[in-house]
Amino acid sequence: AGAFLIPYLIMLLLCGIPLLLMEFTIGQFTCLGPVHALAKLCPLLKGVGVATVVISFLLCTYYNVIITWALYYLFNSFRSTLPWQSCNNTWNIVKNCSDGLPGNTTHLRSASQQYFDYRLLKMSNGIEEMGNIRWELFGLLLLAWIIVYFCIFKGVKSTGKVVYFTAIFPYLILIILLINNVQLPGAKNGILFFLTPKWSKLLEVQVWVNAAAQIFNSIGIGFGTMMSMASYNRLKNNVLKDTLIVAVTNSATSIFAGFVVFSAIGYMGHQQNLPVEDIATDGPGLVFVVYPEAFVTMSIAPMWASLFFFMLLCLGVDSQFAMVDVMVTSLMDAWGKNLLQFLKRKEMVVLVVCFVAFMLGIPNITQGGIYLFQLMDHYTAVVSLLFLAFFEVVAICWFYGVRRLSAIYKEMLGVPPNLFFKLCWWFASPLLVTVILVSSIISYTPARYGKTYTYPSWAEGLGWIISLCSIIWIPLGAAHTLYTSKGTFTQRLRSSVTPVTDVIPTESQDLMVRLKSGIYKPSCSAIHFDSIDLPK
């Protein structure tokens, strides 16, 4: 874990913060979601904007399953004895059930692992056996989408009110959990494992790929969420301040949560007489297996469990409504008037988006759904995301250009961006994203579930199809731009990398804004590339 912190912080400094500032700047200036903003900045790569919306929508279809699991654990935490506490339950396979984590003993599974596998999921033997729908999870998935809908159905007004609670309350719980955890025996070992780097790990490509994916996923780069949210800002809003607040708060929270998690893992290692590395895991196992196992040995276990899973619910909803808003914003940017004529109210547009995402998420709550969940997560949140981040950087930093990007930044804030950000936009961010993308392709490893299950070849093919659902829009968008442009191929190529209206604001120009009624956000007072009136 310590080896992960170094690449994580490097990626944050050289990619995370600069690219977040880039997305905020573009979203606030154009007052548009990613689809239309990128179409205006670089017509050749307009498909990148569509791809970001598609990847956000794909992600939100299965991400709400995590909220579903959190709800299931939350409701089952209000008991005097936690249901994953022992092996004496109807769902347990007693002969290979262990009271406590079994370490590297492959034939044994902990009571919490069996609860996750056989009670929550009732999982099958593989993706070939999808089995029946888990109706308990179906109802909770529906509840999760109802919660998300009522958080965002009124737009930024309702979202803004909800986020005060969902963003602040988890900090209170994290502080309470940390105070409790550091007093437990063995907590120090877990924290030292978290902080102590293993220098040999820095030579492994996968560590850097995971660090990049973590930065992009946690901050929201490449998903279109940040661009969509920034499109609601006013022209003179301080995007640099917003960038630093979001990036630093996000990473500080992640590191703080690391102390909470690894202090508990250290305690578990002490209780089970196991080294920390045998307990630390990734994916759903950490949240729904290891941590619930830790609660069992704490005093007032139901209270700690219910607090933890309620915190998880808040964090999940927070991320979920941001991804749903990307789809809603893009639909309203493209067909706002037509949609409102048919559906009458924006609330109905949000309802339709939530309903479609709910229906597409149902396969993930079948008995074989966990395998589909893991497959989608691998090919959406890692593989596709790196491709999209690369092409987004190319479109904005190289084709649109740092000179134009700096000019619109200066128009909004009154001063040009710092030299550090210009250097990152020119060299550091594109170079790092390119190296990581190429390295990940060279050292590609197929998706897997756990330590033993490998996916059949047809499932790997399905994973690549899922990945192509977003990536394919990039070449399709480029082909459409070149086909519809006029002139020779060279002329078409040159025009396709030029902004639709190449306006570079200067201090001497009194740029006026003329909002397009019914399409653009009423709260936005940004400059639109195709709606600028220059005084004579």
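In the annotation of an unreviewed UniProt entry, the chain is listed under the name Transporter and assigned to Scyliorhinus torazame. In the Subcellular location (unreviewed entry) part of its UniProt record, the chain is described as follows: "Membrane".

Draft legend 1. View of the overall build of the chain. What the chain contains, in helices and strands, is 19 helices and six strands. Of all 536 residues assigned to the chain, the portion counted as buried reaches 54%. Taking all contacts inside the chain whose residues are at least 6 apart in sequence as the whole, residues at least 24 apart take part in 81%. For the chain, the exposed surface amounts to about 23,200 Å²; the carbon and sulfur share of it is 66%.

Draft legend 2. Molecular detail of helix α12 (residues 284–296). Spanning 13 residues, α12 covers 18 Å between terminal C-alpha atoms, matching the ideal 18 Å at 1.5 Å per step. Counting buried residues along α12, twelve of its 13 residues qualify, which places the element largely inside the surrounding structure. P284, G285, L286, F288, V289, V290, Y291, P292, E293, A294, F295 and V296 are the residues of α12 that are buried.

Draft legend 3. View of the UniProt feature "binding site: Na(+)" (unreviewed entry) in the chain. Per the UniProt record, "binding site: Na(+)" (unreviewed entry) is annotated on S218, N250, L315, D318 and S319. Despite a sequence span of 102 residues, these residues sit close together in the fold, their greatest C-alpha distance being 12.6 Å. Within the secondary structure, S218 sits in helix α8 (residues 205–219). Within polar-contact distance, the side chain of S218 engages the backbone oxygen of Q214 at 2.7 Å.

Draft legend 4. Local environment of helix α18 (residues 473–484). In this model α18 runs 16 Å from its N-terminal to its C-terminal C-alpha over twelve residues, within 8% of the 16 Å that 1.5 Å per residue would give. Turning to α18, its buried residues are I474, G477, A478, T481 and L482. For α18, the arc enclosing every buried residue in end-on projection is 130 degrees, short of the 170-degree limit, so these residues lie on one face. Of the surrounding elements, those touching the buried residues of α18 are α3 (47–75), α15 (369–413), α17 (457–471) and α19 (489–496).

Draft legend 5. Region of interest: the pattern of salt bridges. Counted under the stated rule, the structure contains four salt bridges. Of the charged contacts, one joins R119 and E136 as a salt bridge, the two residues approaching to 3.4 Å between their closest N and O atoms. Placement of the pair is R119 in helix α4 (residues 111–121) and E136 in helix α5 (residues 135–152), with a sequence separation of 17 residues. When its relative accessible area of 21% is taken as the criterion, R119 is described as partly exposed. Between E411 and K236 there is a salt bridge; the shortest N-O distance is 3.9 Å. You can see E411 sitting in helix α15 and its partner K236 sitting in the loop between α9 (225–230) and α10 (239–272), a full 175 residues away along the chain. Taking the relative accessible area as the measure of exposure, E411 reaches 16% and is therefore buried. Since its relative accessible area comes to 54%, K236 is described here as exposed. In the salt-bridge network here, residues are joined through shared partners; they are R119, R134 and E136.

Draft legend 6. Focus on the state of the cysteines. Here the structure, examined in full by the defined rule, presents one disulfide. Cysteine C15 shares no disulfide, and the gap to the nearest cysteine sulfur, in C424, comes to 7.9 Å. Note on C15: relative accessible area 0%, which makes it buried.

Draft legend 7. Quick look at unusual backbone geometry. Unusually for a residue other than glycine, K122 sits at a positive phi of about 45 degrees. Among the structural elements, K122 can be located in the loop between α4 and α5. Among the residues examined, K122 registers a relative accessible area of 36% and is labelled partly exposed. Within the chain, K344 stands out as a residue other than glycine whose phi angle is a positive 75 degrees.

Draft legend 8. Up close: the nonpolar core. Core analysis: the largest hydrophobic core is formed by 160 residues, its most contacted members being W69, F216, F295 and F309. Ranked by the residues each element gives to this core, the list is headed by α15, at 26 residues. The residues touching W69, leaving out its near neighbours within four places in the chain, are F116, L120, L121, L137, P284, F288, I370 and F373.

Draft legend 9. Layout of the environment of F75. Locating F75 in the fold gives a position in helix α3. According to the relative accessible area criterion, F75 is partly exposed, its value standing at 45%. In this structure, the C-alpha to C-alpha distance between F75 and F309, residues 234 residues apart in sequence, is 9.2 Å. With residues up to four places along the chain from it excluded, the contact list for F75 reads L140 and L143.

Draft legend 10. Expanded view of a nonpolar patch on the surface. Judged by side-chain polarity, F75, F78, L142, L143, I146 and F150 come together as a nonpolar surface patch covering roughly 590 Å² of accessible area. Broken down by element, the nonpolar patch gets its largest block of residues, four residues, from α5. Among the secondary structure elements, F78 is positioned in the loop between α3 and β1 (97–98).

Draft legend 11. The packing of helix α2 (residues 34–41) against helix α13 (residues 301–343), seen in detail. With their axes 8 Å apart at the nearest point, α2 and α13 run at an angle of 60 degrees to one another. For the element pair α2 / α13, the angle class is oblique. Along the contact surface, α2 presents P34, V35 and H36, while α13 presents V326, S330, D333 and A334. Class assignment for the residues of the contact of α2 with α13 results in four nonpolar, two polar and one charged.

Draft legend 12. Up close: the packing of aromatic side chains. For the coordinates displayed, the defined rule picks out 36 aromatic pairs. Seen from their ring centres, W69 and F373 are 5.1 Å apart, and the 50 degrees between their planes marks the pair as tilted. Placement of the pair is W69 in helix α3 and F373 in helix α15, with a sequence separation of 304 residues. Here W69 and F373 have matching classes, each one buried.

Draft legend 13. Region of the structure containing the packing of α3 against α5. The N-to-C vectors of α3 and α5 enclose an angle of 110 degrees; their axes lie 8 Å apart at closest approach. Comparing their axes, α5 and α3 come out roughly perpendicular. Along this stretch, α3 crosses α5, giving a crossing that reads as right-handed. Counted together, C60, N64, V65, I67, T68, W69, L71, Y72 and F75 of α3 and E136, L137, L140, L141, L143, A144, W145 and V148 of α5 form the full contact between these two elements. When grouped by side-chain class, the residues that make up the contact of α3 with α5 number 14 nonpolar, two polar and one charged.

Procedures and definitions
- Residues numbered from 1 in each chain as written.
- Predicted model: local features only at pLDDT ≥ 70, side-chain atom pairs only at ≥ 80, totals over all residues.
- Heavy atoms only, no water.
- UniProt positions renumbered as here; feature names shortened; annotations may be inferred.
- Helix = DSSP H or I, 4+ residues; strand = E, 2+ residues; numbered from the N terminus.
- Buried < 20%, exposed > 50% of the residue type's maximum accessible area, 1.4 Å probe, protein only.
- Contact = heavy atoms within 4.5 Å.
- Areas by Shrake-Rupley, 256 points an atom, 1.4 Å probe, with all protein chains shown as cover.
- Expected span 1.5 Å × (residues − 1).
- Polar contact = N/O pair within 3.5 Å; in protein donor to acceptor, adjacent residues only side chain to side chain.
- Arc of directions from axis to C-beta.
- Salt bridge = Lys/Arg side-chain N within 4 Å of Asp/Glu carboxyl O.
- Disulfide = S-S within 2.5 Å.
- Core = buried A, V, L, I, M, F, W, Y, C linked by side-chain atoms within 4.5 Å.
- Patch = residues over 30% accessible without salt bridge, like charges linked within 9 Å, V, L, I, M, F, W, Y side chains within 5 Å.
- Axes fitted to C-alpha atoms, helices over the stretch in contact; angles between N-to-C directions.
- Parallel < 35°, antiparallel > 145°, perpendicular 65-115°, else oblique.
- Nonpolar A, V, L, I, M, F, W, Y, C, P; charged D, E, K, R; others polar.
- Phe/Tyr/Trp six-rings, centres within 6.5 Å; stacked < 30°, edge-to-face > 60°.
- Left-handed = near helix turned anticlockwise from the far one by under 90°.

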